Amino acid sequence: DKNILESQIDVLIIGAGPSGLMAAYWMARCGVNARIVDKRGTKVFTGQADGLRCRTLEIFDSMGFQHRVLQEGHVAVEANFWVPDGRGNLIRQGPHCSRKVNESPFRNMLLNQGRIEQFLLDSIREHSDLEVERGVIAEAFEYDSAKASDPDAHPIAVTLRTLSDEEANPSSLHAEGGPQKVASGVARGSLLQDDWEELVSKSRAKETRTEIVRCKYVVGCDGAHSWTRKQVNIPLEGSSTDHLWGVIDVVPISNFPDMRRLGTVTHPTGTILVIPRERNMVRLYVPVQAVEANVPGESRHDRSKITLEMIKQRVQVILAPFTFDFKICDWWAAYQIGQRIAPTFSKDNRVFLAGDAVHTHSPKVGLGMNMSMQDGFNIGWKVALVAKGVAQSLILNTYDPERHRLAEMLLDFDRHWSGLFTESEDEEKAQSMIKVVKFFEDFADGRKSFYGASSLIWKKHDDSGPTASASGGCNLIPGERLPPVKLRMQADGNVKWTTAILKSDGRFRVVALTGDMRASTQRSRVEALAKRLSSGHGSEKSLFDRYTSLTGTHDCALDVLAIHSGPWTKVEFFDFPDVFHPFDTVHGWKYDKIWCDDACPWDRDCDGTGYERWGVDRKRGAIAVIRPDQYVGWVGELEDVEEMVDYLDGILVRQATTA
Ligand code: FAD
């Protein structure tokens, strides 16, 4: 058919929800020949997910827009559990605060999914011309598995069709004179200016057309009913019982004293979850099975039978003797979801699945969007670097084991947590909730990532690591995120968290913890290290010429940083070998490569205890390679350069050596 267009690209992302946008960020950042399509005419504006865990904020910091969440979102650190006192009243148990709340620079926060999508879209635009193609559906798929092992092949053909206005915007955004109101109640007055502009610009009618796109890789981020997953015959397995929930985003009129505090309220027929949000809004998760069970002969799980009024009445019953009503409802839904997981997240390392496409669970854990974004973040840089010819394709093997294990933990957490909301009254319920939260604390807040050994995670036989400080083991653990620490820049004394220093720009980072360079022996060790980094191996001029460059964005796939442990006044910028402060005659020295773990008198977070938190000897230091996503890949002594090069050789593509 002559009317069908044909094209060829490296990476196609199907779905522009949180996981797809996260993957697209990497395509934008690394300059990949990629496209991203979504069948919806617009992004999300109201409702859906709203919980942000601290690890997600750390990732946002490395992407450069975490401040926007801090500005608009609502901090939620303490939780209160309200239970009946047996005399018809509700009493507060709490507040309960995470023991580990200070292990991240950021706190758990609450903000509407639509705003997060906006920040991601803005960030993608900042780095490239990549735009989400809205109202474009993927609807046919062909895969030639015989070509899977050929790195230059485009074994997948996806047919994309531009939808008509009505198909792309089923809620009919198009009242006369432009979008006035969507079905769920989004009105001009309830949107921020940039959201409104996004809505207006994306809801213009487009020309319908069909196109066959041949791609090297496809990332399916197309949600719980994933079309991509079905094309590669990967099932979703798990519980067949779905939980049915009413979710409302309202501005409450209530005399419940903790209406603006995170918490739960328990009642014999179920527990509601109270989530304070931006703009005086509160989200309530309300179990509604009990309502339906009273309707004889009807399915317990008929979503269409749930009304806003029913949800309101349930809240009134559970919150009694406190009152509850509202005039403003931003969004509401009857949300039905079961705990399901796909047995694998990839097909031949050519088609990858991320987010809700491969794991679904109840919304109350506040993890769906976080896990989905972290999936997209994980696969995004790997596919981007492989597509750019910077990393070897074998690193793609690490996506499934790294994320599948976490998805299983997510479902496990959800089973424990959800059960506490739907079971009948239990005197110990509040206590059980505290226990479940504490048990899963590291996991739920993403402090640990539990990634196992692979080409990207170099595990030594001796788990304590060679760089352990006198006081205990080394906390720079391959497979876990670098524990965030606030440091001072040697050159200007400004302070920054490592989450911001280690930018998500697609580069691996060689981080030399150069120890206390006041001692001449230590300075000699650092000089020897610098020589080995810059003097090259074999025919290359230096370690940095050894690997293919990230063309268009960076001239090297590696970046090098030094972090020393002495007082900044006793060690000078120029005491460091050249490799730590590159120079060119136009731009001068790069000042942001040398950092200092020294206490700052005007910033309490920067207390000069980074080495201790990392479990690294302040005198001797250590060296680590941090992956583009801030996870520790390799760690060793300053002398272990050979082993470090072995690690990098197993990941990055070597430059063709000139004879
Ligand atoms: P999604 O955000 O679902 O994005 C998938 C995208 O793929 C969609 O934009 C879709 O249009 C697109 N797509 C699908 N098929 C195709 C195709 N063939 N071609 C092109 N594009 C396609 N989470 C909570 O924590 N709390 C909640 O209350 C909550 N409520 C929700 C209510 C609804 C109605 C929905 C849909 C989700 C809700 N979630 C909630 C879940 C939360 O939104 C997800 O966990 C999160 O969005 C996952 O992100 P994702 O990118 O993996 O998938």
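Not measured: the values here are computed from a predicted model. (Residues numbered from 1 in each chain as written. Predicted model: local features only at pLDDT ≥ 70, side-chain atom pairs only at ≥ 80, totals over all residues. Heavy atoms only, no water.)

### Here's the deal with the side chain of glutamine 66
Reasoning step 1: In this fold, glutamine 66 is placed in helix α3 (residues 66-72).
Reasoning step 2: Filtering out sequence-adjacent residues up to four positions away, glutamine 66 remains in contact with Leu57, Phe60, Asp61 and Phe106. (Helix = DSSP H or I, 4+ residues; strand = E, 2+ residues; numbered from the N terminus. Contact = heavy atoms within 4.5 Å.)

### Focus on the environment of lysine 486
Reasoning step 1: Within the secondary structure layout, lysine 486 lies in strand β22 (residues 486-489).
Reasoning step 2: Taking the C-alpha atoms as reference points, lysine 486 and aspartate 605, separated by 119 residues in sequence, lie 6.4 Å from one another.
Reasoning step 3: Once you skip the residues sitting within four places of it in the chain, lysine 486 turns out to touch Val495, Lys496, Trp497, Asp603, Asp605 and Cys606.
Reasoning step 4: Here the side chain of lysine 486 touches aspartate 603 through a polar contact of 2.8 Å, side chain to side chain. (Polar contact = N/O pair within 3.5 Å; in protein donor to acceptor, adjacent residues only side chain to side chain.)

### With respect to the confidence of the model for the protein chain
Atomic detail in the predicted coordinates should be set aside for any region of low pLDDT.
Reasoning step 1: When the pLDDT values of the protein chain are averaged, the result is 87; 87% of them are 70 or greater.
Reasoning step 2: Taken as a whole, residues 172-185 scores under 50 in pLDDT and shows 29 contacts with residues more than four places along the chain or in a different chain.
Reasoning step 3: Here residues 290-299 scores under 50 on pLDDT; set against residues more than four positions off or in separate chains, the count is 12 contacts. (pLDDT = per-residue confidence, 0-100.)

### Here we look at the pattern of salt bridges
Reasoning step 1: A full pass over the atoms with the stated rule returns 49 salt bridges.
Reasoning step 2: Here aspartate 144 ties to lysine 147 by a salt bridge, and the two come within 3.8 Å at their closest N and O atoms.
Reasoning step 3: Among the residues examined, lysine 147 registers a relative accessible area of 37% and is labelled partly exposed.
Reasoning step 4: Lysine 486 is the partner of aspartate 603 in a salt bridge, and the nearest nitrogen-oxygen pair spans 2.8 Å. With aspartate 603 in strand β30 (residues 603-607) and lysine 486 in strand β22, this residue pair connects regions lying 117 residues apart in the sequence.
Reasoning step 5: Judged by relative accessible area, aspartate 603 falls into the buried class, the value being 14%.
Reasoning step 6: On the accessibility criterion, lysine 486 (12% relative accessible area) is buried.
Reasoning step 7: Taken together, the shared-partner salt bridges in this structure form one network comprising Lys43, Arg68, Glu72, Arg115, Asp122, Arg125, Glu131, Asp194 and Asp195. (Salt bridge = Lys/Arg side-chain N within 4 Å of Asp/Glu carboxyl O. Buried < 20%, exposed > 50% of the residue type's maximum accessible area, 1.4 Å probe, protein only.)

### Concerning the site of the ligand
Reasoning step 1: Surveying the vicinity of the ligand reveals 29 residues, the closest of which are Ser19, Asp38, Gln113, Tyr285 and Tyr335.
Reasoning step 2: Interatomic distance of 3.2 Å between a backbone N/O atom of proline 18 and an oxygen atom of the ligand.
Reasoning step 3: In isolation the ligand exposes 970 Å². Once the protein is present, 85% of that is buried.
Reasoning step 4: If you list the elements that add at least two residues to the shell around the ligand, you get α1 (18-30), β9 (136-143), β16 (282-287), β17 (324-337) and α10 (368-387).
Reasoning step 5: Classifying every residue of the shell around the ligand by side-chain character gives 14 nonpolar, nine polar and six charged.
Reasoning step 6: The residue makeup of the shell around the ligand includes at least three contributed by each of domain 1 (5-76 + 105-239 + 339-444) and domain 2 (243-337). (Near = heavy atom within 4 Å. Areas by Shrake-Rupley, 256 points an atom, 1.4 Å probe, with all protein chains shown as cover. Nonpolar A, V, L, I, M, F, W, Y, C, P; charged D, E, K, R; others polar. Domains from an automatic or database assignment.)

### With respect to the packing of aromatic side chains
Reasoning step 1: In the structure shown here, the tally under the stated rule is 20 aromatic pairs.
Reasoning step 2: Summarising the aromatic geometry, the rings of tryptophan 26 and phenylalanine 377 are spaced 5.0 Å apart at their centres and angled 45° between planes, so their arrangement reads as tilted. Note that tryptophan 26 is positioned in helix α1 and phenylalanine 377 in helix α10, a separation of 351 residues in sequence.
Reasoning step 3: Exposure remark for tryptophan 26: the relative accessible area of 0% places this residue in the buried category.
Reasoning step 4: Residue classification places phenylalanine 377 among the buried positions, given a relative accessible area of 2%.
Reasoning step 5: Among the aromatic residues, those joined into a cluster by ring pairs are Phe573, Phe574, Phe583, Trp589 and Tyr591.
Reasoning step 6: Between lysine 312 and the ring centre of phenylalanine 326, over which it is positioned, the NZ or CZ distance is 5.7 Å. (Phe/Tyr/Trp six-rings, centres within 6.5 Å; stacked < 30°, edge-to-face > 60°. Lys NZ or Arg CZ within 6 Å of the ring centre and 35° of its normal.)

### A short note on the pairing of strand β11 (residues 210-220)
Reasoning step 1: β11 sits mainly inside the fold: nine of its 11 residues count as buried.
Reasoning step 2: In terms of strand pairing, strand β1 (residues 5-14) meets β11 through nine bridges, oriented parallel. Paired with leucine 12 across the strands is valine 218, a residue of β11.
Reasoning step 3: Examined bridge by bridge, strand β10 (residues 156-162) and β11 share six bridges and lie antiparallel to one another. From the neighbouring strand, isoleucine 156 faces β11, where its bridge partner is cysteine 215. (Pairing = 2+ DSSP bridges.)

### As for a nonpolar patch on the surface
Reasoning step 1: Among the surface-exposed residues, Phe574, Phe583, Trp589 and Tyr591 lie close enough to one another that they form a single nonpolar patch of about 440 Å² accessible area.
Reasoning step 2: Topologically, tyrosine 591 is positioned in the loop between β27 (588-589) and β28 (594-596).
Reasoning step 3: When its relative accessible area of 42% is taken as the criterion, tyrosine 591 is described as partly exposed. (Patch = residues over 30% accessible without salt bridge, like charges linked within 9 Å, V, L, I, M, F, W, Y side chains within 5 Å.)

### Notes on the sheet that holds strand β12 (residues 237-238)
Reasoning step 1: Here we have three strands laid out as an open sheet, ordered β12-β18-β21, and antiparallel in their pairing. Where the open sheet ends on each side, the last strands, each with one partner, are β12 and β21 (359-360).
Reasoning step 2: As defined by bridge partners, β12 adjoins strand β18 (residues 340-341) across two bridges and the pair is classed as antiparallel. Within β18, the position partnered with glutamate 237 by the bridge is isoleucine 341.

### Re the packing of helix α2 (residues 54-63) against α10
Reasoning step 1: In the contact formed by α2 and α10, the axes pass within 10 Å of each other and the chain directions differ by 40°. Classified by the angle their axes make, α2 and α10 are oblique. Seen along the crossing, α2 lies across α10 with a hand that is left-handed. Counted together, Arg55, Thr56, Ile59, Phe60, Ser62 and Met63 of α2 and Asn370, Met373, Gln374 and Phe377 of α10 form the full contact between these two elements.
Reasoning step 2: Residues belonging to the contact of α2 with α10 are distributed by class as follows: five nonpolar, four polar and one charged. (Axes fitted to C-alpha atoms, helices over the stretch in contact; angles between N-to-C directions. Parallel < 35°, antiparallel > 145°, perpendicular 65-115°, else oblique. Left-handed = near helix turned anticlockwise from the far one by under 90°.)

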